[in-house]
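# What the coordinates show
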Amino acid sequence: MSGCGRLVERAGRAVRAETPTCGQRALRGGLALLSFGYGALVRLRNAGHTLGILGTHRLPCRVICVGNLTVGGTGKTPTVIALGTLLAAAGSRVCVLLRGYRREGRGVRVVSDGAQVLLGWREAGDEAVLLARSLPGVPVIVGGDRVAAGRLAVDRFHPEVILLDDGFQHRRLCRDADLVLLDAMDPFGGDWLLPRGRLREPVSGLRRAQAVLVTRADQAGDLASLRRRLERLAPRLPLGLAVYRPYRLVDLSSKQERQFEELRGRRVFAMSGIANPQGFRQTLVGAGAHLAGSLAFADHHAFTPEDGARMVREARAVSAEWIVTTEKDAVRLEMQPPSGLPFLALGVHLEVIEGAAALE
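So, a few notes on the structure that sits alongside this text.

Cut-offs applied
- Residues numbered from 1 in each chain as written.
- Predicted model: local features only at pLDDT ≥ 70, side-chain atom pairs only at ≥ 80, totals over all residues.
- Heavy atoms only, no water.
- Salt bridge = Lys/Arg side-chain N within 4 Å of Asp/Glu carboxyl O.
- Helix = DSSP H or I, 4+ residues; strand = E, 2+ residues; numbered from the N terminus.
- Buried < 20%, exposed > 50% of the residue type's maximum accessible area, 1.4 Å probe, protein only.
- Axes fitted to C-alpha atoms, helices over the stretch in contact; angles between N-to-C directions.
- Parallel < 35°, antiparallel > 145°, perpendicular 65-115°, else oblique.
- Left-handed = near helix turned anticlockwise from the far one by under 90°.
- Contact = heavy atoms within 4.5 Å.
- Nonpolar A, V, L, I, M, F, W, Y, C, P; charged D, E, K, R; others polar.
- Phe/Tyr/Trp six-rings, centres within 6.5 Å; stacked < 30°, edge-to-face > 60°.
- Lys NZ or Arg CZ within 6 Å of the ring centre and 35° of its normal.
- Disulfide = S-S within 2.5 Å.

## What to know about the pattern of salt bridges
According to the stated counting rule, one finds 21 salt bridges in the structure shown. Put simply, Arg58 and Asp176 hold a salt bridge, and the shortest N to O gap is 3.7 Å. Pair noted here: Arg58 is in the loop between helix 2 (22-50) and strand 1 (62-68) and Asp176 is in the loop between strand 5 (161-165) and strand 6 (177-183), with a separation of 118 residues, a long-range link. Judged by its relative accessible area of 36%, Asp176 is partly exposed.

In structure tokens form, the structure reads like this:
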């Protein structure tokens with residue numbers, strides 16, 4: 001692990017510690033000071049956009065943004081897949097734009113032209129490749145400059161609707177609607193801005209949204225309190241509740257699908273490299289699996305053969321029958337699946353269980 005990585009890990013432990021040491025309290029104080037500085041810059045930038053001082057660009061099509069207030073996984077990818085599927089089924093020409101987080105490629109690139117996936121995950125990012133595989137017929141474009149990506153989409157694919165994945169803070173590109181996702185397990189990132197907490201901007205930013213979708217609503221600690229707080233923050237803002245339903249299991253060795261009901265009663269070992277491994281583990285338990293053990297890597301981790309050997313070793317140590325991972329992690333598993341235990345990827349889809357009409 002690099003020096004920067006060790007520092008980030010140490011800061012994370014200090015923030016999460018229930019009984020912090022003197023050193024951890026001092027580190028928390030330093031992070032809090034940085035948060036105040038970061039917050040001032042964010043507020044200044046937002047004011048510049050609100051007052052029209054910072055320029056914006058409008059595309060000749062509808063733009064729907066799926067974003068969030070915090071760093072980490074709130075379920076944007078499954079939500080974009082659900083929206084893209086819905087719009088394409090209704091006959092709309094749809095494109096998806098996203099940054100392509102942690103990709104090695106540069107510039108604006110076409111990941112999928114709707115007919116085939118053109119780039120691998122290293123060039124495009126794992127989320128972009130998963131979107132491209134999950135949305136046949138829908139072009140997917142990555143690029144840090146969302147305005148340039150939008151112009152490429154318009155010139156080449158002539159979309160009627162663009163889905164902007166993770167663009168709530170990217171205000172250079174005008175949008176017709178902002179859907180903000182909140183993870184019910186930690187909706188406000190510890191109520192601190194980066195780097196002390198996980199908020200990208202103050203929670204008052206919700207007032208820019210047209211709707212809020214609370215994901216993992218079935219895993220909420222106190223849903224009633226969250227509803228009350230949202231009503232105070234953004235009165236009358238349409239609110240939806242969503243859960244993730246398992247719908248398939250894919251054997252990573254044979255590429256054959258299995259019924260996800262086979263999870264029920266099975267001793268499984270959960271392996272993931274995502275922002276919210278706890279949510280994945282709870283999804284497995286909710287599907288009826290017996291969680292024998294788990295192994296969590298950093299978000300977007302590039303797996304190695306050594307990682308595979310470790311998975312098998314730790315899974316066998318707890319007498320697991322299967323190793324199960326996420327579909328996003330499966331995109332990055334270039335290695336040969338470790339032998340000795342079935343290795344499967346669990347697919348989930350978004351289901352809105354409350355507020356669908358208001359969101360529509």
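## Observations regarding the packing of helix 3 (residues 76-89) against helix 5 (residues 126-134)
Direction vectors running N to C along helix 3 and helix 5 enclose 25 degrees, while the axes themselves pass 10 Å from each other. Viewed along their axes, helix 3 and helix 5 adopt a mutual orientation that is roughly parallel. In the crossing of helix 3 with helix 5, the sense of the turn from one axis to the other is right-handed. Residue-level contacts link Thr77, Val80 and Ile81 of helix 3 to Glu127, Leu130, Leu131 and Ser134 of helix 5. Of the residues belonging to the contact of helix 3 with helix 5, the class tally is 4 nonpolar, 2 polar and 1 charged.

## Examining unusual backbone geometry
For the bond from Leu194 to Pro195, the omega torsion is 0 degrees, close enough to zero to count as cis. Note on placement: Pro195 falls in the loop between strand 6 and strand 7 (211-215). Residues other than glycine seldom take positive phi values, yet Arg236 does so here, at roughly 70 degrees. Among the secondary structure elements, Arg236 is positioned in the loop between helix 7 (223-233) and strand 8 (239-251). Arg236 gets classed as exposed once you look at its relative accessible area, which sits at 74%. For His300, which is not glycine, the phi dihedral falls at a positive 65 degrees. Looking at the element boundaries, His300 is found in the loop between strand 11 (290-296) and helix 9 (305-317).

## Here we look at the packing of aromatic side chains
Applying the stated criterion to the full structure yields 2 aromatic pairs. Plain terms: the ring middles of Phe297 and Phe303 are 5.4 Å apart, the flat faces sit at 90 degrees to each other, and that makes the pair edge-to-face. Here Phe297 and Phe303 have matching classes, each one buried. Above the face of the Phe168 ring, Arg208 is positioned so that its terminal group lies 4.2 Å from the ring centre. A cation over a ring is seen here: Arg229 above Phe188, with NZ or CZ 4.1 Å from the ring centre.

## Description of the state of the cysteines
Counting across every chain of the model gives 0 disulfides. Looking at Cys61, it has no disulfide partner, and the nearest cysteine sulfur is the one in Cys95, 8.0 Å off.

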